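One-letter residues, chain by chain:
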Amino acid sequence: MSAALQLDHVVKHFPGPRRGTRVHAVNDVSFSVAQGETVALVGESGSGKTTLGRLALQLERVTTGRVLLQGRDITQLSQSSLRTLRPHMQMVFQDPWATLNPRMRIRSVLEEPLKLHSSLSAAERQSRIVGMADRVHLGGGLLDRFPAQLSGGQLQRVALARALMTQPRLVVLDEPTSSLDLSVRAEILELLSELRAQSQVSYLFITHDLGTVRLIADRIVVLYLGGIVESGPTAKIFDQPRHPYTRALFSAQLSTDVRARRERVILQGEIPSPVDLPRGCSFAGRCPAADDRCRNERPELVTESAVQIACFKPGVALATG
Amino acid sequence: MIPAETPQAADTAMSLLRVRDLQVHFVARDRYDRVRVARALNGVDLDVERGEIYGLVGETGAGKSLTAHAIMGLLREPARRVGGSIEFDGRELTAIGDDELNAMRGDRIAMVVQSPRTSLDPLTRVGEQIARIHRVHRKTSADEARARALTMMQAVGIPDPKARMQAWPHQFSGGMAQRVLIAMALVNDPQLLIADEPSTGLDVTVQAQILDLLKSSVKERQLAALLITHDLGVVAQVCDRVGVMFAGVVIESGPVEQVFTQPRHPYTRHLIGSSPDRLTLGRGAVRAGAAPDLYNLPPGCPYQTRCPHAQPVCQGELMRLPPGGAHGARCHFPEIGQ
């Protein structure tokens, strides 16, 4: 059975700030999401994670490379043929408030995808809506309210319900819990894992929050400046991150365990401009272990016991403080 | 005799900032012209000592930022302070006039806010903005003020500070802009620093840098800092003491290690248990609970409607926090569920 989603050497450039320049948003990225699997795309702002999510659904067109949905290349499809595939691939955004029509009742919000993509009768649609509301734990009374009458957590459950109405095989979640309070976030994550267990849906989960990744993802893809620096099974990467950037990222997480020893990999500076990519390793400018080779030669992504890593010195000793 | 005054009497050591029973209401009228009162702060107690970072933590709407605004004297209608005291270095801030408050703000009390870019004047060079804050409060020449600004930019770790003095705010990244705000806050050697979500919205590696900078500034200058955050990790790793807010009340406070390892309020336990690094999915029963309705708070404990251990006594008067910054919770049953 083919993967729910496969990205094959995907490259995306945008026009740059000045004439003749280009923003290298995504640089030769390949990975796949198996059916029922959750893959987390992790990185800081400017790492290209949101662009990748949009490319996966062809909301943006690739510059080069291929995107396969259940084995079928969708990069060459016209907008209208893409539309026929939309029920199988859905998206949930960070800010539910901005993606829900304020003048539509929740019931109509949830009915819309069924009207567009199914031939169900009105009665069948209503029974689906009620069933879905139940699955995302939205009380029946909320269905006849407007978005403004719901809390942030409730709105995000509506957004999730809307995405799942057409029983998609793949849902791209772009920071779905980042704007939510802790306890609401916990509730949404719980719900996501519940829904996945019921329907074998695949998630591409875009986030900068490693705590969330540990909870929800089977595999993790760490991005830096539009490229993969390290990827592999979540447990393995959490157990032993080997790329200096991954290690810096993990060490910058603030644990709620007051007794946790904090060995910080100190990073200087910030992510460089994607307009002029560095010649060598994209992380060399901030890497505490970089040498001349790192600055001049680009490390290939190599696979070693289920973990992919792009570094000349994986696992090198780093100064901590 | 009832020793009602004992806690206050024992509380003799002078904190730099001492907030007692602070109450702020939002008073508005609905469409039928009936007065509606949202009780946003309902008796906030907190003390911040010199050389310590006090973390104020809570979820959206708990009143963290409002507390900071009340301390800074920045409340605007319809928000009204309806009770309580705010003592700074022995002076009652609620009793002094605007001029005096203006002289204090930016000088002895400084603030760093969440959105660094919108807090900088886009039409003024960065160095000049820092120098201005200095000249407003100190009688110095323009040259001296610029030299001071340069020193500050160096102190907050802005690379190539001399050239960056001449830069415009839009040329700064979020992290660098936040450093500029910290430089502006510290330029007059304040005694109290209020930082409202200073690292929220920054990337984690940059957030770590900013928090390190805040921490070292507080320790070196023996500032008192009130750090407002929703991130328990920030509290655990950066703060010395913590106050947990719910529905406009600090429901638990104390040294960070004690509060995190032996939380005494059921809400604190719930909050800590909800953080991603403490959570395990698939066990169900993670319920967020409804946000408190500030228009209709129950008498007594604001958490009683969500609390698994609530008893009739919880509708009575709220427990007090212990004096002297010791660990304690405003709960009748702090031992249950531990």
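Further up the page is the structure itself.
**Notes on the overall build of chain A**
So, step 1. Helix and strand counts for chain A stand at 11 helices and 12 strands.
So, step 2. Whereas a compact globule of 321 residues would reach a radius of gyration of roughly 20 Å, chain A reaches 21 Å, a difference of no more than 12%.
So, step 3. Dimensions of chain A, computed from C-alpha atoms along their principal axes, come out at roughly 70 × 50 × 40 Å.
So, step 4. Here chain A, with 321 residues, has 45% of them falling under the buried criterion.
So, step 5. Once local pairs closer than 6 in sequence are excluded, the contacts in chain A between residues at least 24 apart make up 65%.

**Examining the overall build of chain B**
So, step 1. Along the backbone of chain B there are 12 helices and 11 strands.
So, step 2. In terms of its C-alpha atoms, chain B occupies a principal-axis envelope of roughly 65 × 50 × 50 Å.
So, step 3. Counting across all 338 residues of chain B, residues that qualify as buried make up 44%.
So, step 4. A sequence separation of at least 24 residues applies to 67% of the contacts in chain B between residues at least 6 apart.

**Details of helix α10 (residues 244-252) of chain A**
So, step 1. In terms of burial, α10(A) is largely enclosed, as 8 of its 9 residues are buried.
So, step 2. For α10(A), the secondary structure elements touched by its buried residues are β9 (219-224), β10 (227-233) and α9 (234-239) of chain A together with α9 (204-221) of chain B.

**With respect to the environment of A:Asn296**
Residue and element names in this part refer to chain A.
So, step 1. Looking at the element boundaries, Asn296 is found in helix α11 (residues 292-296).
So, step 2. Each C-alpha atom, one on Asn296 and one on Ala98, is 44 Å from the other, the two residues being 198 residues apart in sequence.
So, step 3. Each residue touching Asn296, except ones within four places of it in the same chain, is listed here: Arg279 and Gly280.

**A closer look at the interface of chain B and chain A**
So, step 1. The interface is formed by 38 residues belonging to chain B together with 32 residues belonging to chain A.
So, step 2. Secondary-structure elements contributing two or more residues to the side of chain B that touches chain A are α9, α10 (232-238), α11 (256-261) and α12 (266-273) of chain B.
So, step 3. Tallied by class, the residues present in the side of chain B that touches chain A amount to 16 nonpolar, 15 polar and 7 charged.

**Topic: the sheet that holds strand β3 (residues 38-42) of chain A**
Residues and elements named next belong to chain A.
So, step 1. The strand order β6-β7-β8-β3-β9-β10-β12-β11 describes an open sheet built from 8 strands, whose pairing is mixed. Only two strands of the sheet have a single neighbouring strand rather than two, namely β6 (89-92) and β11 (302-304). Strand-to-strand twist across the sheet, computed as the mean angle between neighbouring axes with direction ignored, equals 20°.
So, step 2. Against the sheet, helix α6 (residues 152-164) touches β6 and β7 (170-174), its axis set at about 175° to β6.

The rules we used
- Residues numbered from 1 in each chain as written.
- Chains lettered and ligands numbered in written order.
- Predicted model: local features only at pLDDT ≥ 70, side-chain atom pairs only at ≥ 80, totals over all residues.
- Helix = DSSP H or I, 4+ residues; strand = E, 2+ residues; numbered from the N terminus.
- Rg over C-alpha atoms; globule rule 2.2 N^0.38 Å.
- Buried ≥ 20, exposed ≤ 12 C-beta atoms within 10 Å, placed from the backbone.
- Contact = placed C-beta atoms within 7 Å.
- Nonpolar A, V, L, I, M, F, W, Y, C, P; charged D, E, K, R; others polar.
- Pairing = 2+ DSSP bridges.
- Axes fitted to C-alpha atoms, helices over the stretch in contact; angles between N-to-C directions.

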